[in-house]
Amino acid sequence: MSRKVGIVGVGQSAFVRTYPGSIRELVFESFREAMKDSGIARTDIDATVVCSAPEYDKQRSPAGVIAEYLGLNPQPTFYAETLCSSSSTGLRLAYSLVASGLHDVVMVIGFQIMSQLTSVESQERMGRGADILWESPFGTMMPAYYAMHARAHMAKYGTTPEDLALIRVKAATYGQLNPLAVYRKPVTLDQIMDPSSFLGAPVAVPLRGGDCCANADGSSCLIVASEEKARALAKKPVWIKGIGAASAPVNLAGRDRLYGLAAAEEAARQAYKMAGITAADIDVAEVHDCFTIAELMAYENLGFAKPGEGRELIRSKETYKEGRIPVNVDGGLLSKGHPIGATGGSQVRTIVLQLRGEAGEIQVKDPVFGLVHNIGGVGLYGNVTILGLE
Amino acid sequence: MSRKVGIVGVGQSAFVRTYPGSIRELVFESFREAMKDSGIARTDIDATVVCSAPEYDKQRSPAGVIAEYLGLNPQPTFYAETLCSSSSTGLRLAYSLVASGLHDVVMVIGFQIMSQLTSVESQERMGRGADILWESPFGTMMPAYYAMHARAHMAKYGTTPEDLALIRVKAATYGQLNPLAVYRKPVTLDQIMDPSSFLGAPVAVPLRGGDCCANADGSSCLIVASEEKARALAKKPVWIKGIGAASAPVNLAGRDRLYGLAAAEEAARQAYKMAGITAADIDVAEVHDCFTIAELMAYENLGFAKPGEGRELIRSKETYKEGRIPVNVDGGLLSKGHPIGATGGSQVRTIVLQLRGEAGEIQVKDPVFGLVHNIGGVGLYGNVTILGLE
Amino acid sequence: MAKNELDTRFTEFGTVSFAAVTRVNDFIGHLENGKLMGTRCVKCGKTFFPPRAQCCECLSAEIEWFEVAGEGKLVGYSTLQYAPTGFTEEVPYTIALVDYGDYKVFGRIDASVPEADLAVGMTLKAAVSRTSNGRLTYVFKRA
Amino acid sequence: MAKNELDTRFTEFGTVSFAAVTRVNDFIGHLENGKLMGTRCVKCGKTFFPPRAQCCECLSAEIEWFEVAGEGKLVGYSTLQYAPTGFTEEVPYTIALVDYGDYKVFGRIDASVPEADLAVGMTLKAAVSRTSNGRLTYVFKRA
Ligand SMILES: [Zn+2]
Ligand SMILES: [Zn+2]
């Protein structure tokens with residue numbers, strides 16, 4: 001029906017606690033890598049999508065200052081946002097801008113600098129990320145929302161805190177290998193199960209420190225192109241085979257269940273349908289593990305495990321690199337850190353490198369299809385993207 | 001090449017100084033009108049694009065709460081922003097989402113509530129809309145930037161303050177007829193030329209009160225659809241014939257001229273090319289008259305007048321309803337007010353009503369092509385959309 | 001309506017207020033009268049909690065209030081050991097979702113219910129209450 | 001780098017500061033030494049004002065500083081009768097764009113130049129200065 005769209009360049013900055021520069025300078029780091037990766041000229045870029053979670057730094061309308069800094073005028077640029085899945089939304093828009101014929105090459109920039117706000121300013125903004133009328137006045141936080149999901153999952157399926165801890169142990173196994181990750185230390189099950197340790201201390205019961213990813217500063221950059229351009233530009237283009245998106249009510253009062261994310265499930269359904277494949281065809285995946293429970297729910301929402309059997313997958317190590325369906329073998333958000341707007345782009349970059357066979361120490365064997373699962377808010381915005389070779 | 005895309009429903013709230021409700025409730029007002037206008041069912045809407053200028057109200061990530069309120073889950077929703085042209089950007093994205101085949105029906109919501117911030121909060125945010133590193137520290141404001149353009153235009157072409165005042169007089173002529181406008185009083189040339197009057201008092205020399213539009217609260221809603229759906233749904237679909245977008249450096253230091261907006265000119269070039277027509281084919285236009293000088297520059301950037309001859313167009317009243325090229329005969333931003341994110345959608349609504357022959361008192365005779373010119377920032381984001389019958 | 005005539009009762013809701021104005025400000029009046037209320041569309045009968053001023057189902061803006069009464073079932077909950085700015089003095093507290101059948105209600109568990117007594121599926125009832133800083137809210141108590 | 005080690009000199013720039021950290025913080029050091037400076041890419045020679053730490057032309061991050069010297073031409077200007085929060089005590093003041101050929105500079109006209117003396121096309125020169133509240137800035141003066 002519409003034009004085939006490929007990814008021809010990927011880049012990511014180091015994810016760090018505190019980037020010593022402005023957003024435009026941080027974005028440049030991943031821009032440079034993506035430009036060098038693609039080998040294209042700046043003037044080949046027809047449009048730029050700039051993605052972040054809003055209000056974590058002080059520059060309003062960042063698309064303008066970033067396009068200027070990267071020398072991307074007079075090409076159009078705009079800002080797109082779905083909280084933590086902003087750059088997956090950006091990729092979907094880039095896909096549509098190319099598939100529609102409006103553009104041939106579109107760049108997707110994701111970024112976040114949270115370190116320049118004071119902790120109080122940052123918390124105040126997080127409060128206003130929920131529904132400011134009906135949720136924020138209760139003193140809600142992301143860990144607590146996900147903890148409610150963990151509680152519901154445990155009640156329905158018998159999932160245990162140990163199961164969740166095993167996901168963090170896996171993340172740390174690979175995070176140690178990722179030079180761009182913010183957290184590169186090993187983590188043991190004992191550490192997370194010990195309430196007196198930093199990793200075991202309760203944050204929002206039943207989630208502990210080790211169940212939560214850390215804030216970070218970082219940027220990511222993707223370059224997508226029409227089939228014709230992709231074949232001309234890229235040694236080994238990676239194709240967007242399926243790209244699904246869905247939403248759920250912000251307020252949990254509008255949800256029909258807490259033991260899974262309906263928006264993720266719906267986005268996956270769309271992506272599989274568009275790609276013409278099933279979960280069994282996925283060779284490597286990046287899922288949105290902002291909290292350990294989020295990865296566990298992803299296993300089930302994406303069809304890697306049947307409902308309630310996600311814990312079997314991690315217990316049997318089937319989501320390790322050598323397993324049936326390797327998940328987050330770059331360390332995931334739990335190890336890389338979560339520079340909100342940059343996260344989706346970083347996930348896509350990992351899958352692109354895997355499909356090209358350029359993933360180094362974490363390379364899985366001959367993958368053909370890879371999947372990215374990127375969630376905004378608490379299952380508010382669900383995005384699933386399937387990439388493939390041919 | 002790609003699928004034809006039509007507009008099948010339009011809605012706008014009244015533009016008011018202070019809306020006595022939340023953003024979701026304000027958005028509902030235009031949503032209801034667009035739904036009734038289109039006659040479609042809520043479940044026909046495949047995706048929603050939510051547009052505003054950032055940080056003028058306290059709800060972060062508004063797409064989520066608005067989609068929930070309108071009952072638009074589980075369909076995808078996201079936020080798009082280019083300051084004052086956000087809803088034109090939203091329309092362009094809706095076009096691409098439909099033309100690419102990802103969706104059949106997409107809704108574009110634009111809104112702004114500025115009245116719930118204190119004046120100090122609002123000014124602080126306006127300051128941060130410019131480049132916070134290299135412009136904001138000098139104490140810049142929108143009227144002053146546009147005044148710099150007015151000064152440059154006057155120096156290059158001999159344009160006078162009277163010429164600018166004539167544009168406000170025209171706006172007020174039609175604003176009186178618009179029940180949704182915030183400013184509905186007549187304005188005379190004498191008032192603007194009298195420095196002791198409110199309308200004549202200098203704001204940023206050479207611009208006076210009468211040269212500036214007012215803030216407002218308001219919302220707009222557009223429903224776009226694929227050709228198949230549009231023909232099935234709409235009595236008289238209006239088609240998106242051309243849709244151009246461009247950017248310019250934020251900092252004026254990066255611009256090659258101040259007597260016109262390069263991004264508007266480039267966006268117009270793209271839109272005319274895509275539509276296969278020229279400026280002479282346009283029968284009615286809505287241009288971004290946030291300041292009188294902006295409308296004058298638009299005449300020239302859009303090709304309605306040769307460079308430097310914009311003032312002839314207004315002096316000869318050729319942009320009045322009976323003239324050669326009627327511009328802003330709904331009162332424009334100068335009379336309607338400028339609820340930033342809602343403005344582009346309101347402009348598109350006016351042109352759609354004109355093309356359908358439903359514009360009432362301001363109906364121009366048998367228009368075939370209409371144009372919308374919507375600018376974000378000070379010529380930072382340029383958007384030109386051409387609509388037509390068949 | 002001039003700015004100073006705005007009905008800003010909503011600022012009285014919750015430990016910290018983030019929003020001043022909605023078209024369902026009467027929610028606050030009902031809380032003051034000891035009632036937790038949602039809205040129902042007069043035209044199509046759809047119920048809304050949190051309350052809404054307009055109905056997305058049938059596009060009507062004519063709503064009536066109903067009381068959140070009877071018992072609901074606990075769907076999920078979590079006790080916070082850290083809290084956002086403005087809430088830190090209340091830690092620990094427990095947020096929860098309770099299912100009333102036709103609608104669900106998100107809020108806090110009353111401090112009178114120990115965390116150890118909570119279990120998914122148990123019955124609870126909502127009651128109007130005051131926050132630790134004396135402002136209007138509602139909580140879930142033992143049914 | 002820990003948060004408290006951040007180079008936040010940029011907060012010293014302008015009447016009101018909106019941003020603390022950039023990779024061209026040395027701009028402030030140069031202002032302190034009385035010099036208004038931009039950057040030039042060592043690899044490809046492109047000049048940047050405002051200064052940049054990285055070159056979008058050739059992707060290099062190796063830059064050197066150059067002084068904004070000589071005369072420029074006034075491209076456009078406006079005198080503000082109203083001002084944003086934090087600047088109201090300085091009203092009226094005039095913002096302007098000045099063209100140096102290879103680059104342009106945006107800033108303020110020095111208060112010593114009356115508005116009536118200004119005209120598009122006239123020559124001006126930039127000079128380091130202090131704001132009315134004693135902070136670092138630069139202004140355009142008669143050439
Ligand atoms: Zn109803
Ligand atoms: Zn260079």
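So, how was this worked out
- Residues numbered from 1 in each chain as written.
- Chains lettered and ligands numbered in written order.
- Predicted model: local features only at pLDDT ≥ 70, side-chain atom pairs only at ≥ 80, totals over all residues.
- Heavy atoms only, no water.
- Helix = DSSP H or I, 4+ residues; strand = E, 2+ residues; numbered from the N terminus.
- Rg over C-alpha atoms; globule rule 2.2 N^0.38 Å.
- Buried < 20%, exposed > 50% of the residue type's maximum accessible area, 1.4 Å probe, protein only.
- Contact = heavy atoms within 4.5 Å.
- Areas by Shrake-Rupley, 256 points an atom, 1.4 Å probe, with all protein chains shown as cover.
- Expected span 1.5 Å × (residues − 1).
- Donors = N, O, S within 2.8 Å, 3.2 Å for Na, K, Ca; no water.
- Tetrahedral: all angles 85-135°; square planar, octahedral: opposite > 155°, others 65-115°.
- Axes fitted to C-alpha atoms, helices over the stretch in contact; angles between N-to-C directions.
- Parallel < 35°, antiparallel > 145°, perpendicular 65-115°, else oblique.
- Nonpolar A, V, L, I, M, F, W, Y, C, P; charged D, E, K, R; others polar.
- Buried area = accessible area lost by both parts, 1.4 Å probe.
- Salt bridge = Lys/Arg side-chain N within 4 Å of Asp/Glu carboxyl O.
- Least-squares fit on C-alpha atoms with pLDDT ≥ 70 in both.
- Lys, Arg positive; Asp, Glu negative; His and termini not counted.
- Polar contact = N/O pair within 3.5 Å; in protein donor to acceptor, adjacent residues only side chain to side chain.
- Pairing = 2+ DSSP bridges.
- Domains from an automatic or database assignment.
- Core = buried A, V, L, I, M, F, W, Y, C linked by side-chain atoms within 4.5 Å.

I'd like a rundown of the overall build of chain A, residues and numbers included.
Looking only at helices and strands, chain A has 13 helices and 11 strands in total. Radius of gyration (C-alpha) of chain A: 19 Å, near the 21 Å computed for a compact globule of 390 residues. With the C-alpha coordinates aligned to their principal axes, the bounding extent of chain A is approximately 55 × 45 × 40 Å. When the 390 residues of chain A are sorted by exposure, 75% land in the buried category. Long-range pairs, those at least 24 residues apart, make up 77% of the contacts in chain A between residues at least 6 apart in sequence. Looking at chain A as shown, the accessible area adds up to about 10400 Å², and 53% of this sits on carbon and sulfur atoms.

How would you summarise helix H6 (residues 161-175) of chain B if you had to cite specific residues and measurements?
Residue and element names in this part refer to chain B. In this model, H6 (15 residues) spans 21 Å end to end at C-alpha, consistent with the 21 Å of a helix rising 1.5 Å per residue. Buried within H6 are the following residues: Asp 163, Leu 164, Ala 165, Ile 167, Arg 168, Val 169, Lys 170, Ala 171, Ala 172, Tyr 174 and Gly 175. Tucked into the core, H6 has its buried residues touching helix H5 (142-157), helix H7 (189-193), strand S6 (207-208), helix H10 (292-301), helix H11 (310-315) and helix H12 (332-336).

Can you tell me about the coordination of the zinc ion (ligand 2), naming the residues and giving the values?
All names here are of chain D. Taken together, the protein ligands of the zinc ion (ligand 2) are Cys 41 (SG), Cys 44 (SG), Cys 55 (SG) and Cys 58 (SG), with distances of 2.2 to 2.3 Å. Between the four donor atoms coordinating the zinc ion (ligand 2), the angles at the centre fall across 99 to 118 degrees, so the site counts as tetrahedral. Each donor residue of the zinc ion (ligand 2) lies on one chain, and together they are spaced C-x2-C-x10-C-x2-C.

A description of the packing of helix H6 (residues 161-175) of chain A against helix H10 (residues 292-301) of chain A should follow, citing residues and the corresponding values.
Residues and elements named next belong to chain A. As a packed pair, H6 and H10 sit with axes 8 Å apart at the nearest point and diverge in direction by 100 degrees. It follows that H6 is roughly perpendicular to H10 by the angle criterion. Facing H6, whose interface residues are Leu 164, Ile 167, Arg 168 and Lys 170, H10 presents Thr 292, Ile 293, Glu 295, Leu 296 and Tyr 299. Among the residues forming the contact of H6 with H10, the class breakdown is five nonpolar, one polar and three charged.

Describe the coordination of the zinc ion (ligand 1), naming the residues involved and giving the relevant values.
Residue and element names in this part refer to chain C. Note on the zinc ion (ligand 1): its protein donors are Cys 41 (SG), Cys 44 (SG), Cys 55 (SG) and Cys 58 (SG). The metal-donor distances range over 2.3 Å. Metal-centred angles of 99 to 119 degrees between the four donor atoms at the zinc ion (ligand 1) mark the site as tetrahedral. As a motif over one chain, the donors of the zinc ion (ligand 1) read C-x2-C-x10-C-x2-C. Here Cys 41 is found in strand S1 (residues 37-41), whereas its partner Cys 58 is found in the loop between strand S2 (47-48) and strand S3 (63-67), with 17 residues between them in sequence. An identical accessibility class is assigned to Cys 41 and Cys 58; each is buried.

I'd like a rundown of the interface of chain B and chain A, residues and numbers included.
Of the residues lining the interface, 60 residues belong to chain B; the matching set on chain A comes to 60 residues. Together, the buried faces of chain B and chain A total about 4700 Å²; carbon and sulfur atoms form 56% of this surface. For the chain B face of the interface with chain A, the top three residues by lost area are Arg 60, Ser 61 and Leu 102 of chain B, together amounting to 16%. There are two salt bridges connecting chain B and chain A.

I'd like a rundown of the relation of the copies chain B and chain A, residues and numbers included.
Relating one copy of the chain to the other requires a rotation about an axis plus a shift along that axis. Rotating chain B by 180 degrees and moving it 0.0 Å along the rotation axis overlays it on chain A with an RMSD of 0.0 Å. Taken together, the rotation angle and the small translation identify this as a two-fold axis. Nearest to the rotation axis, the C-alpha of Ser 100 of chain B is located 2.0 Å from it, this being the minimum over chain B. When the interface residues of chain B are mapped onto chain A, 100% of them again fall at the interface, so both copies present the same face.

Break down the side chain of Lys 104 of chain D for me, with residues and values.
Along the chain, Lys 104 of chain D turns up in strand S6 (residues 104-109). Notably, Lys 104 of chain D is buried but unbridged: the nearest opposite-charge side chain belongs to Asp 99 of chain D, and the N-O separation is 4.5 Å. A polar atom in the side chain of Lys 104 of chain D sits 2.7 Å from the backbone oxygen of Arg 255 of chain B. Leave out the neighbours within four places in its chain, and Lys 104 of chain D touches Ala 253, Arg 255 and Asp 256 of chain B together with Phe 49, Leu 97, Val 98 and Asp 99 of chain D.

An account of the sheet that holds S1 of chain C is requested, with residue identities and associated values reported.
To summarise the sheet geometry, strands pair through backbone hydrogen bonds and adopt either a parallel or an antiparallel arrangement. All names here are of chain C. What the three strands build is an open sheet, ordered S2-S1-S3; its pairing is antiparallel. One side of each edge strand has no neighbouring strand; the edge strands of this open sheet are S2 and S3. Pairing of S1 with S3 involves five bridges; the strand directions are antiparallel. By the bridge assignment, Arg 40 is partnered in S3 with Glu 64.

Explain the domain arrangement of chain C to me, and be specific about the residues and the numbers.
Often, the extent of an interface is quoted as the loss of accessible area on bringing the components together. Residue and element names in this part refer to chain C. Here chain C is partitioned into domain 1 (9-67) and domain 2 (72-142). Each of domain 1 and domain 2 has a C-alpha centre, and these two points are 20 Å apart. The contact between domain 1 and domain 2 buries some 1400 Å² in all, and 65% of this surface belongs to carbon and sulfur atoms. Of all residues in domain 1, Thr 15, Leu 36 and Phe 49 bury the most surface against domain 2, accounting for 42% of the area lost on that side. The set of elements that each furnish at least two residues to the side of domain 1 that touches domain 2 consists of helix H1 (26-32) and S3. Of all the elements, H1 adds the most residues to the side of domain 1 that touches domain 2, at four residues. For the side of domain 1 that touches domain 2, a count of residues per class yields nine nonpolar, six polar and four charged.

Describe the nonpolar core, listing the residues and the values that go with them.
By size, the foremost hydrophobic cluster in this structure holds 364 residues, and its most contacted members are Tyr 146 and Phe 304 of chain A together with Tyr 146 and Phe 304 of chain B. Residues contacting Tyr 146 of chain B, with those up to four places away along its chain left out, are Leu 207, Leu 261, Cys 290, Phe 291, Ile 293, Ala 294, Met 297, Ile 375, Gly 377, Val 378 and Gly 379 of chain B.

Tell me about the packing of helix H3 (residues 86-99) of chain B against helix H13 (residues 340-356) of chain B, and please be specific about residues and values.
All names here are of chain B. Taken N-terminus to C-terminus, the directions of H3 and H13 make an angle of 60 degrees; their axes are 5 Å apart at the nearest point. Of the residues in H13, those touching H3 at Ser 87, Ser 88 and Leu 91 are Gly 341, Ala 342, Thr 343, Gly 344, Gly 345 and Val 348. Across the contact of H3 with H13, the residue classes break down as three nonpolar, six polar and no charged.

Lay out unusual backbone geometry in plain terms, naming residues and giving numbers.
Cis rather than trans, the peptide bond between Asn 73 of chain A and Pro 74 of chain A has omega equal to 5 degrees. For the peptide bond that leads from Val 205 of chain A to Pro 206 of chain A, omega is 10 degrees, which places it in the cis range. On the secondary structure map, Pro 206 of chain A appears in the loop between strand S5 (202-205) and strand S6 (207-208). Residue Ser 61 of chain B is not a glycine yet carries a positive backbone phi of 50 degrees. The residue Leu 83 of chain B is not glycine, and still its phi comes out positive at about 50 degrees. The class for Leu 83 of chain B is buried, based on a relative accessible area of 9%.

Could you give an account of the side chain of Asn 301 of chain B, naming the residues involved and the relevant values?
The residue Asn 301 of chain B is located in helix H10 in this model. Here Glu 265 of chain B takes part through its side chain, which lies 3.4 Å from a polar atom of the side chain of Asn 301 of chain B.

Outline the sheet that holds strand S3 (residues 63-67) of chain D, supporting the account with residue identities and numerical values.
Within the open sheet, the three strands sit side by side as S2-S1-S3 (chain D). Their pairing is antiparallel. If you trace the sheet from one side to the other, it starts and ends with strand S2 (47-48) and S3 of chain D, each paired once.

Describe the interface of chain B and chain C, and please don't skip the residues or the numbers.
With 22 residues of chain B at the interface, the matching set in chain C holds 17 residues. Note on chain B versus chain C: buried area summed over both sides is about 1600 Å², and carbon and sulfur give 53% of it. Linking chain B with chain C are two salt bridges, by the criterion used here. Two residues, Glu 29 of chain B and Arg 23 of chain C, come together in a salt bridge whose shortest N-O distance is 3.6 Å.

So what's going on with the pattern of salt bridges? Residues and values would help.
Tallied over the entire structure, the rule returns 58 salt bridges over all chains. For Asp 163 of chain A, the salt bridge is made with Arg 315 of chain A, and the minimal N-O distance between the two is 2.6 Å. A residue pair is termed long-range when its members are at least 10 positions apart, and Asp 163 of chain A in helix H6 and Arg 315 of chain A in helix H11 (residues 310-315) qualify at 152 residues. You can call Asp 163 of chain A buried: its relative accessible area is 2%. Judged by its relative accessible area of 39%, Arg 315 of chain A is partly exposed. Arg 356 of chain B is the salt-bridge partner of Asp 37 of chain B, the closest N and O atoms lying 2.8 Å from each other. Of the two residues, Asp 37 of chain B sits in helix H1 (residues 23-38) while Arg 356 of chain B sits in helix H13, which places them 319 residues apart along the sequence. Pair check on accessibility: Asp 37 of chain B and Arg 356 of chain B agree, each one buried.

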